[in-house]
Amino acid sequence: MTTETPLTTETPRFRLGFLTHVQGRGDDVARTYRDAQELFVAADELGFDVGWVAQHHVPLGGGGLSSPWTFLAHAAAKTTRIRLGTAITILPLEDPVRLAEDVAAVDALSGGRVEIGVGSGSSDLEYAAFGKDIARKRELTSENLEVLRRALANEEVRAPGFRIQPAAAGFTDRIWQGVFSGQGARYAAAGGSNLLLNRAAYGFDAPTDEVQRPWADDFLSTWDQPHRPRVGLSRFVFPAKDKETALREIGDDVHRAALRFAESGAFPSGLDRDEALRRFHSFYGPPEEIVAALGQEKVLPVATDLITQFNPAVPGHDAAIRALELIATEVAPALGWKPAAEPRPAGA
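This one's a predicted model, so the numbers in the text were calculated from it and none came from an experiment. (Residues numbered from 1 in each chain as written. Predicted model: local features only at pLDDT ≥ 70, side-chain atom pairs only at ≥ 80, totals over all residues. Heavy atoms only, no water.)

A. The arrangement of the overall build of the chain in detail. A tally of regular secondary structure across the chain gives eleven helices and nine strands. A globule of 348 residues ought to have a C-alpha radius of gyration of about 20 Å, and the chain, at 19 Å, matches this closely. Considering only residue pairs separated by 6 or more positions, the chain has 75% of its internal contacts joining residues 24 or more positions apart. When the accessible surface of the chain is summed, it comes to about 14700 Å², and 51% of that surface belongs to carbon and sulfur atoms. Of note, the chain has its 37 positive side-chain charges centred 2 Å away from the centre of its 47 negative side-chain charges. (Helix = DSSP H or I, 4+ residues; strand = E, 2+ residues; numbered from the N terminus. Rg over C-alpha atoms; globule rule 2.2 N^0.38 Å. Contact = heavy atoms within 4.5 Å. Areas by Shrake-Rupley, 256 points an atom, 1.4 Å probe, with all protein chains shown as cover. Lys, Arg positive; Asp, Glu negative; His and termini not counted. Charge placed at Lys NZ, Arg CZ, Asp CG, Glu CD.)

In structure tokens, the structure reads:
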């Protein structure tokens, strides 16, 4: 069935999220992790619905997070209502039964606030370090996802009588898949996974939203589960008092990242800063300009979750907190979002 629920309608309510890749400046990783935890606390207080982290086994500049469920367990203890998720966990590099145990434990500790997004990853070095064949990444993702689903449904896995503990509950609509094609979107829908769309489409000259909208449509037209499908749309959103202020915080980082992506063929070589920002489908500057630009976003009308992020930029901590405040108080409300009146139960 095709379901096109405008993001700006109040019923059903859309969810607001933020995603951090847990990066900082310099070599003080402990401070980077503390700052990222503070982002979760601030987002919790501002009414964000979901806080997401990305898993990276190869270090990023100033940080990177290899163990997301340890991090999210700590975030659970520091927050009261925000949901906690991964976008994504690199599933082929995990034992799916062991992963299910971690997910269930954090879910129990947090009062049922966990969301899990999975994907295949793309780093040759990460696959080599874990003894996995990157040529089999899609196959491994499918195999492990099947086991993960069964484990989180409290079915027997791998041995008669074995079920994970603590027992999981309510994960039918809390598993997400990151995809990069229409085929991937259809596969996610057929398995009952929610859809995660990246902030940028790689290897395409057309704008990201033009590329991704058919993927979202494929997902929705394939969906045949009894529960509501969710489309999580990740977008680079960095509000500030003006474009110049925003560019001071994000411009050079985005340009450097685009040049790195060009080395792998994801982007063309020789991009200038403006083209780098376009390739990352960036929304930056005064809140009212961001709102106007998001109003033209082609995937946004079918999204159920708007996931804002600053990556590949690494703004200063104070600037990041201020950007979250502007997203929650000016950008998202202008799109029709408002904070939930009270904590929402698992799967809501």
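B. Spotlight on the environment of Ile290. Relative to the helices and strands, Ile290 is located in helix H10 (residues 287-294). Note on Ile290: relative accessible area 1%, which makes it buried. As for Ile290 and Ile327, which are separated by 37 residues in sequence, their C-alpha atoms are 9.6 Å apart. If we ignore the near neighbours within four places in the chain, the residues touching Ile290 are Val237, Phe238, Pro239, Phe283, Tyr284, Gly285 and Val331. (Buried < 20%, exposed > 50% of the residue type's maximum accessible area, 1.4 Å probe, protein only.)

C. How the structure looks around the pattern of salt bridges. In total, this model carries 25 salt bridges according to the counting rule given. A salt bridge links Arg15 to Asp305, with the shortest nitrogen-to-oxygen separation between them at 2.7 Å. Residue Arg15 is found in strand E1 (residues 15-20), and its partner Asp305 is found in strand E9 (residues 305-309); the two are separated by 290 residues along the sequence. Like Arg15, the residue Asp305 is buried in the burial classification. Arg81 is the partner of Asp44 in a salt bridge, and the nearest nitrogen-oxygen pair spans 3.8 Å. You can see Asp44 sitting in helix H1 (residues 29-46) and its partner Arg81 sitting in the loop between helix H2 (68-78) and strand E3 (83-90), a full 37 residues away along the chain. The pair Asp44 / Arg81 is uniform in exposure class, with both members buried. Taken together, the shared-partner salt bridges connect Arg15, Arg83, Glu115, Arg230 and Asp305 into one network. (Salt bridge = Lys/Arg side-chain N within 4 Å of Asp/Glu carboxyl O.)

D. Geometry of the packing of aromatic side chains. Across all of its chains, the model carries 14 aromatic pairs by this definition. Relative to Trp176, the ring of Trp52 lies with its centre 5.5 Å away and its plane at 85°, an arrangement referred to as edge-to-face. Residue Trp52 is found in strand E2 (residues 50-53), and its partner Trp176 is found in strand E5 (residues 175-179); the two are separated by 124 residues along the sequence. Trp176 matches Trp52 in its accessibility class, with the two residues each being buried. On the basis of an interplanar angle of 50° and a centroid distance of 5.4 Å, the ring pair of Phe219 and Trp223 is categorised as tilted. A relative accessible area of 0% means that Phe219 is categorised as buried. Looking at Trp223, the relative accessible area reads 1%, which means it is buried. Across from the ring centre of Phe171, 3.9 Å away, lies the NZ or CZ of Arg174, which sits over that ring. In this arrangement the basic side chain of Lys243 is found over the ring face of Tyr284, its NZ or CZ atom lying 4.1 Å from the centre. (Phe/Tyr/Trp six-rings, centres within 6.5 Å; stacked < 30°, edge-to-face > 60°. Lys NZ or Arg CZ within 6 Å of the ring centre and 35° of its normal.)

E. Focus on the packing of helix H3 (residues 96-110) against helix H5 (residues 137-152). Between H3 and H5, the shortest axis-to-axis distance is 8 Å and the interhelical angle comes to 40°. Taken together, the axis directions place H3 and H5 in an arrangement best described as oblique. Crossing handedness for the pair H3 and H5: right-handed. Across the interface between the two elements, Pro96, Val97, Leu99, Ala100 and Val103 from H3 touch Asn144, Val147, Leu148, Ala151 and Leu152 from H5. In terms of residue class, the contact of H3 with H5 is made up of nine nonpolar, one polar and no charged. (Axes fitted to C-alpha atoms, helices over the stretch in contact; angles between N-to-C directions. Parallel < 35°, antiparallel > 145°, perpendicular 65-115°, else oblique. Left-handed = near helix turned anticlockwise from the far one by under 90°. Nonpolar A, V, L, I, M, F, W, Y, C, P; charged D, E, K, R; others polar.)

F. Looking closely at H2. Within H2, the full set of buried residues consists of Pro68, Trp69, Phe71, Leu72, Ala75 and Ala76. Looking straight down H2, one finds that the buried residues subtend no more than 150° of arc, so they occupy a single side. When the buried face of H2 is taken as reference, the exposed residues oriented beyond 90 degrees from it are Thr70 and Ala77. Of the surrounding elements, those touching the buried residues of H2 are H1, E2, E3, H3 and strand E4 (114-119). (Arc of directions from axis to C-beta.)

G. Representation of the pairing of E1. By the criterion of burial, E1 is predominantly enclosed, with six of the six residues buried. Burial along E1 is two-sided: Arg15, Gly17 and Leu19 facing one way and Leu16, Phe18 and Thr20 facing the other are all buried. Direction of pairing for E1 relative to E9: parallel, over a ladder of five bridges. Paired with Arg15 across the two strands is Asp305, which belongs to E9. Pairing of E1 with E2, which is carried by four bridges, proceeds in the parallel orientation. In the strand pairing of E2, Leu19 is matched with Trp52. Regarding topology, H1 serves as the crossover connection from E1 to the parallel E2, and that connection is right-handed. (Pairing = 2+ DSSP bridges. Right-handed = clockwise from strand over helix to strand, strands pointing away.)

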